[in-house]
Structures are given as C-alpha cells and as structure tokens.
Amino acid sequence: EARRVDTIRYYLALILVMTFPPAFGLWFLVHPFIGFWRRVGMTATFAFSTLVFAGVCYAILRGRDTLLAVEYGTNWVMFAFGLLLYGLAAVVEVRCRKHLTLRMLLGIPELKAPQEGPGSLLHEGIYARVRHPRYLGVMLGGTAVAMISNYLAAYLLMLALIPVVYALTVIEEGELRQRFGDDHTRYCERVPRIIPRLG
C-alpha cells in the first residue's frame, strides 16, 4: 500500500512539473504577440503550440530523475489538505465552465478577434467575484498536487508561478482593456483580480 501511494505521488509530481512550465510558457509566446499569430493563422498557431508543448514535456521527462530527486515522503496531513484544496479548485473550475465554451478555452476568440468583433465581457457568476477564476483554480489545483506529492520541485514550481500568473493577468487585462474599453475599467474597479473578497 505504501509503495502504491509513493508511485501515485511520484506520477502526480511528474505530471505537474512536465505540464505547467510549457503551458505557462506558451501563454507568454502567444498572448503578447497575438497580432503576429492572427496573421500566421489558427492552424499554424496550434501546430506550433503543440510542437513546443510536446518538446518541452519530453525534455522535462528526460530530466525527471534530477528534477524529482528530492521528496519528503507521504505526509498524510499534507495529503488531506491537498485533497481539500483540489476539491476547492474543482468547484472553481466547474463554475468557470458554466461561462466558457470550448472555443474560449482554446483561445479562438483572441486569435479571431478582428473578424469576430470584441465579443462579450464576462462579469456574471464566479466572474462577478474574481476577474481571473481560471488562474485561481489552476493555482489551487497545482498547489494541491504539490502538497499531495510532497516533492521539492513541485513546491518550487508553484512558488515560481506566483509572479508568472500575476504578470500574465496584467498582460491579459491590457488586451481586454483594448477590446472592451471603459466597461473593462469599471469591471476591474468592482471585482478583485485573483483572490475573491469574502462576504
């Protein structure tokens, strides 16, 4: 039983350190240069993104022994808190999905914004409590996996992602301000960025 838990922890840590860096890295390769990618086209953009994601995942997989060399064993208190945190992340994600189509999740409106118009600004449901609930959910879920797996690399990755997530929300809000103008400015004045207000 203990060996099975160790195996689960190992693969959770491996999935986290393999997928989060290329996913966040691709965001910075695409969003700040969205005008370029619109000219390149959707097919080429998705092909490039897939190749980069797969390549980085493979490189991390090759270096997994070094990356995951330090682990702290199974800590059942951390494990339990991690499960609770993951449940909270799942609730956030489910509430986000009520307002997001598959096209939105894939970033198609951003790639086709000039042709399709600015679209609509999300400000209902969970978006009335926090401006970037998906990033909140991702950070909660990633932290949960780090706590459950209890590997040093997983903790360091989640710490490193705090300024990264802040930076990408700033860039994304610049894009939204261009698309929605004063409506977005007023929305930002009403609703916090990532950490929702209580009450």
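Within any chain, residue numbers begin from 1 and follow the written order of that chain's sequence. Only residues with pLDDT of at least 70 get local features here, since the model is predicted, and only at 80 or more are side-chain atom pairs given and counted; chain-wide, interface and lining totals rely on the full set of residues. Only heavy atoms go into the side-chain values, all of them from the structure, while hydrogens and water stay out.

## Section: the nonpolar core
Side chains of a nonpolar character, in soluble globular proteins, are inclined to be buried together.
Right, on to step 1. With 38 residues, the main nonpolar core has Leu16, Phe20, Leu68, Met158 and Leu161 as its most contacted residues.
Right, on to step 2. Secondary structure is summarised from DSSP: a helix means a run of H or I of at least four residues, a strand means a run of E of at least two, and numbering begins at the N terminus for each. At the level of secondary structure, the elements contributing two or more residues to this core comprise α1 (2-30), α3 (42-62), α5 (76-97), α9 (133-149) and α10 (152-180).
Right, on to step 3. It is α10 that contributes the most residues to this core, 9 residues altogether.
Right, on to step 4. When near neighbours in sequence (up to four residues on either side) are disregarded, Met158 contacts Leu16, Phe20, Met139, Gly142, Thr143 and Ala146. The nonpolar core is taken to be a set of buried Ala, Val, Leu, Ile, Met, Phe, Trp, Tyr and Cys residues, with the residues joined through side-chain atoms within 4.5 Å. Only protein chains enter the accessibility calculation, which uses a 1.4 Å probe. A residue is then buried if its area is under 20% of the maximum for its type, exposed if over 50%, and partly exposed in between. Contact between two residues is taken to exist if any of their heavy atoms lie within 4.5 Å; hydrogens are not considered.

## A word on the packing of α5 against α9
Any two packed helices are characterised by how steeply their axes cross, that is the angle between the axes, and by the distance between the axes.
Right, on to step 1. Where helices are involved, their axes are fitted lines through C-alpha atoms of the stretch in contact, as for all axes, and angles between N-to-C directions lie from 0 to 180°. Two elements in contact, α5 and α9, have axes separated by 8 Å at closest approach and are oriented at 160 degrees. Of the possible angle classes, the one that applies to α5 and α9 is roughly antiparallel. In the crossing of α5 with α9, the sense of the turn from one axis to the other is left-handed. Should an angle fall under 35 degrees it is called roughly parallel, over 145 degrees roughly antiparallel, and 65 to 115 degrees roughly perpendicular, with every other angle called oblique. What makes a crossing left-handed is the near helix being turned counterclockwise from the far one by less than a right angle; a clockwise turn instead makes it right-handed.

## Things to note about the confidence of the model for the protein
Right, on to step 1. The pLDDT value expresses, per residue, how confident the predictor is, ranging between 0 and 100. With 96% of its residues at a pLDDT of at least 70, the protein reaches an overall mean of 90.
Right, on to step 2. Averaged over each element, pLDDT in the protein is lowest for helix α8 (residues 113-116) (56) and highest for α9 (97).

## A short note on α10
Right, on to step 1. Each residue after the first adds 1.5 Å to the expected span of a helix. The end-to-end C-alpha distance of α10 is 42 Å, a good match for the 42 Å that 29 residues give at a rise of 1.5 Å each.
Right, on to step 2. For a residue, the bend is simply the angle between two axes, fitted respectively to the seven-residue segment ending there and the seven-residue segment starting there. Ile162 marks the point of greatest bend in α10, at about 30 degrees, and the proline Pro163 comes within the next four residues.

## Points about the pattern of salt bridges
Right, on to step 1. The term salt bridge refers to a pairing of a side-chain nitrogen on Lys or Arg with a carboxyl oxygen on Asp or Glu at a separation within 4 Å. Under the counting rule described, the total for this entry stands at 7 salt bridges.
Right, on to step 2. Notably, a salt bridge pairs Asp183 with Arg186, separated by 2.6 Å at the nearest N-O pair. With a gap of 3 residues between them, Asp183 and Arg186 both fall in helix α11 (residues 182-190), about one helical turn apart.
Right, on to step 3. A cluster of three or more residues bridged by salt bridges with shared partners is formed by Asp6, Arg9 and Glu71.

## Observations concerning the packing of aromatic side chains
Right, on to step 1. By convention, a stacked pair of Phe, Tyr or Trp rings (six-membered ring in the case of Trp) has centres within 6.5 Å and planes under 30 degrees apart, an edge-to-face pair has planes over 60 apart, and any other such pair is tilted. Enumeration according to the criterion identifies 7 aromatic pairs in this entry.
Right, on to step 2. Here Trp27 and Phe28 contribute two aromatic rings whose centre-to-centre distance is 5.3 Å and whose plane-to-plane angle is 70 degrees, an arrangement assigned as edge-to-face.
Right, on to step 3. Trp27 gets classed as buried once you look at its relative accessible area, which sits at 11%.
Right, on to step 4. Here Phe28 falls in the partly exposed class, since its relative accessible area comes to 25%.
Right, on to step 5. Taken together, the aromatic side chains of Tyr10, Tyr11 and Tyr151 make up a single cluster linked through ring pairs.

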